[in-house]
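Spelled out, the chains give:
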Amino acid sequence: MKTLFILTVFGGGLAHATVAPALRIANVAPDIPLIMVVLLALRRGPEFGCAAGFVAGLLQDVAAGGLIGVQALTKALVGFGLGAAGGRLRVTQPLVQIPGLVLLTLAEGVARFTLLQLFRFPAPFGELMTFVILPQALYNGFIGAALVFALAWTDTLKERAT
Amino acid sequence: MQGVDGLEVGKVKMRGVLVLGTVVAACLLLLTVQTRGHSTPTAEALAFVTTPIQSGLARVNRAAVTVWATYLDWRNVRGENRRLREENQRLRVESLQVLETSTENDRLRRLLALQQRLPLTTVSAEIIAREWGGWVRSLTVNRGRGDNVARLTAVIAPEGLIGRVMEVRSGASVIQVLTDPASTVGAHAVRTRTAGIVEGDPRGTMRLKYMARDGGGIQVGDLVVTSGSGGVFPRGIPVGVVRAIDDRGSALFHYAVLAPVVDFARVDEVLLLTGDTRRDVAAAFAAGG
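Parameters and conventions
- Residues numbered from 1 in each chain as written.
- Chains lettered and ligands numbered in written order.
- Predicted model: local features only at pLDDT ≥ 70, side-chain atom pairs only at ≥ 80, totals over all residues.
- Heavy atoms only, no water.
- Contact = heavy atoms within 4.5 Å.
- Buried area = accessible area lost by both parts, 1.4 Å probe.
- Salt bridge = Lys/Arg side-chain N within 4 Å of Asp/Glu carboxyl O.
- Polar contact = N/O pair within 3.5 Å; in protein donor to acceptor, adjacent residues only side chain to side chain.
- Helix = DSSP H or I, 4+ residues; strand = E, 2+ residues; numbered from the N terminus.
- Pairing = 2+ DSSP bridges.
- Axes fitted to C-alpha atoms, helices over the stretch in contact; angles between N-to-C directions.
- Phe/Tyr/Trp six-rings, centres within 6.5 Å; stacked < 30°, edge-to-face > 60°.
- Buried < 20%, exposed > 50% of the residue type's maximum accessible area, 1.4 Å probe, protein only.
- Lys NZ or Arg CZ within 6 Å of the ring centre and 35° of its normal.
- Expected span 1.5 Å × (residues − 1).
- Parallel < 35°, antiparallel > 145°, perpendicular 65-115°, else oblique.
- Left-handed = near helix turned anticlockwise from the far one by under 90°.
- Nonpolar A, V, L, I, M, F, W, Y, C, P; charged D, E, K, R; others polar.

Undergrad: Account for the interface of chain A and chain B, naming residues and giving values.
TA: Contacts between chain A and chain B engage 25 residues on the former and 26 residues on the latter. Both faces considered, chain A and chain B share a buried interface measuring about 2,200 Å² in area, 81% of it formed by carbon and sulfur atoms. The interface formed by chain A and chain B includes 1 salt bridge. Of the charged contacts in the structure, one is a salt bridge between glutamate 47 of chain A and arginine 15 of chain B, with a shortest N-O distance of 2.9 Å. On inspection of chain A and its partner chain B, the count reaches 1 residue pair in polar contact (both at pLDDT 80 or more). Counting residues per element, the side of chain A that touches chain B draws most heavily on helix 3 (residues 46-64) of chain A, which supplies 7 residues.

Okay, here's the thing in structure tokens:
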């Protein structure tokens, strides 16, 4: 459990630092740690999702050099919320995965903006939403769906092998 | 039993809420500490902890970006290399085409110049087939019955004589080349005026058969031109250059091996002398036969 946690969260952070620049399209990079948190929360529940979100977000905050705790809090909330609702969601369908991740990223973006506003972050919401949050949300949706599909495929292969 | 399960679920939920509460509290505390001012000891301690992590992550990020940039460069260089290779190949082909066109242009200019210099009626033709076996040596041109071409029409190139038309078809004619074993042409050496007959040879060469007592003075390098006797070929068209003398002692006829002035294997365009050929055309040729 601990190994999985460390591998996923730190692997996500490392992937974000290494692979994300390569995946950048028109200055938009996917939020790989968020995708990892979503996957972990869906599989391991709210407690695990919350902790994973906190650590992954904290790593991102430290790496970004901004206010530490913003992404840690928002990702922890996403992890907890999704972990709690995970049992009631049918996430194996791409039609659920893509819009789900898009909405989650949007929610995380809005939460981050609200939090930053509380701590006097001066940024116009419209531009932030149009040029940063929405494109990243769409990108996350597709990357996340691909990852969920890959994981489901791996699980099927494992089941067949056993 | 159900009561115990319910208790367990409640405990788990409680633990989850506790984790969430702790996380939220920690985050808010962190944010508050940072926004209150940079000089507080807590903020200093936070910076002390986060700075090495930031440096490490920045290093990882920089390395990844460098690797990615190197990969992109390599991919670009490979693509550019492939593009340049293709361009190089295309330019080579184009260059060859230009060279070919230029050579053809030169040939046609020379043929046109000859056509204009000659005081004869001529028809230009393009060679469309070559028969180069030992038995027959012939060329086929794209002019035939419809172009006023008759049997035995003389065929020339800017360098000299090629042969005569032996067969006329509709749209094509077959030319017997001078090196054909059955070919004979009346000729004389320009320098000594020694008359003889140029015959084709099965080996693909030509020889001048002449009477020894009249032409003893023929030397290697002498130019041999048509004599005009027989009425088929105009007088003065270069035929060949003496390459060797076959001295047969006191025999009546001697032979001179000739090198053709025209490279029959390479000629592509020719002139057919379709009109009256009883003229001396030596002045029209560069060799000055």
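That covers the picture; the talk isn't over yet.
Undergrad: With reference to specific residues and values, describe the sheet that holds strand 8 (residues 206-211) of chain B.
TA: Residues and elements named next belong to chain B. Pairing in this closed barrel of 6 strands is antiparallel, and the strands run 6-7-8-11-10-9 around the ring. Each strand of the sheet is rotated relative to its neighbour by a mean of 40°, with strand direction disregarded. When strand 8 meets strand 11 (residues 253-260), the two strands line up antiparallel, connected through 6 bridges. Note that in strand 11 the partner of methionine 206 across the bridge is leucine 258.

Undergrad: Give me the packing of aromatic side chains: which residues, what numbers.
TA: Aromatic rings in a pair are described by how distant their centres are and how their planes are angled relative to each other. Inspection of the entire model under this criterion finds 3 aromatic pairs over all chains. A ring pair is formed by phenylalanine 113 of chain A and phenylalanine 125 of chain A, whose centres lie 4.9 Å apart and whose planes are at 55°; its orientation type is tilted. Residue phenylalanine 113 of chain A is found in helix 5 (residues 94-118), and its partner phenylalanine 125 of chain A is found in helix 6 (residues 125-161); the two are separated by 12 residues along the sequence. On the accessibility criterion, phenylalanine 113 of chain A (12% relative accessible area) is buried. Judged by relative accessible area, which is 36%, phenylalanine 125 of chain A ranks as partly exposed. Cluster of aromatic residues (ring-pair linked, three or more members): Trp68, Tyr71 and Trp74 of chain B. Cation over ring: arginine 207 of chain B sits above tyrosine 255 of chain B, and NZ or CZ is 4.2 Å from the ring centre. One residue, lysine 209 of chain B, lies across the ring of phenylalanine 253 of chain B, its end atom 5.0 Å from the ring centre.

Undergrad: Account for helix 4 (residues 70-85) of chain A, naming residues and giving values.
TA: All names here are of chain A. Relative to the 22 Å expected for 16 residues at 1.5 Å per residue, helix 4 spans 23 Å between its end C-alpha atoms, a close match to the ideal helical length. In terms of residue burial, helix 4 counts as a mostly covered element, since 12 of its 16 residues are buried. Among the residues of helix 4, Val70, Gln71, Ala72, Leu73, Thr74, Lys75, Ala76, Val78, Gly79, Phe80, Leu82 and Gly83 are the ones counted as buried.

Undergrad: Could you give an account of the packing of helix 2 (residues 32-44) of chain A against helix 4 of chain A, naming the residues involved and the relevant values?
TA: Residue and element names in this part refer to chain A. In the contact formed by helix 2 and helix 4, the axes pass within 8 Å of each other and the chain directions differ by 30°. Between helix 2 and helix 4, the interaxial angle falls into the category roughly parallel. Both helix 2 and helix 4 take part in a crossing whose hand is right-handed. Here helix 2 contributes Pro33, Leu34, Val37, Val38, Ala41 and Leu42 to the contact with helix 4, which in turn contributes Lys75, Val78, Gly79, Leu82 and Gly83. Looking at the contact of helix 2 with helix 4 residue by residue, the class counts come to 8 nonpolar, 2 polar and 1 charged.

Undergrad: Tell me about the pairing of strand 5 (residues 172-177) of chain B, residues and numbers included.
TA: Residue and element names in this part refer to chain B. Here strand 5 lies mainly inside the structure; 6 of its 6 residues are buried. Of the pairings in the sheet, the one linking strand 2 (residues 138-141) to strand 5 comprises 4 bridges and is antiparallel in character. Bridged to threonine 140 within strand 5 is valine 174. As defined by bridge partners, strand 4 (residues 160-169) adjoins strand 5 across 6 bridges and the pair is classed as antiparallel. Bridge pairing in strand 5 places arginine 169 opposite alanine 172. Linking strand 4 to strand 5, which pair antiparallel, is a turn of 2 residues; within it glycine 171 sits at a positive phi near 90°.

Undergrad: So what's going on with the pattern of salt bridges? Which residues, and what values?
TA: Two side chains of opposite charge can pair, provided their charged atoms sit close to one another. All names here are of chain A. Inspection of the entire model under this criterion finds 16 salt bridges over all chains. The salt bridge involving arginine 112 is made with glutamate 108; its shortest N-O contact spans 3.2 Å. Residue arginine 112 and its partner glutamate 108 are both found in helix 5; the two are separated by 4 residues, about one turn of the helix. A relative accessible area of 22% means that arginine 112 is categorised as partly exposed. Overall, the relative accessible area of 2% leaves glutamate 108 in the buried class. When salt bridges with common partners are traced through the structure, they connect Asp31, Lys75, Glu108 and Arg112 into a single cluster.

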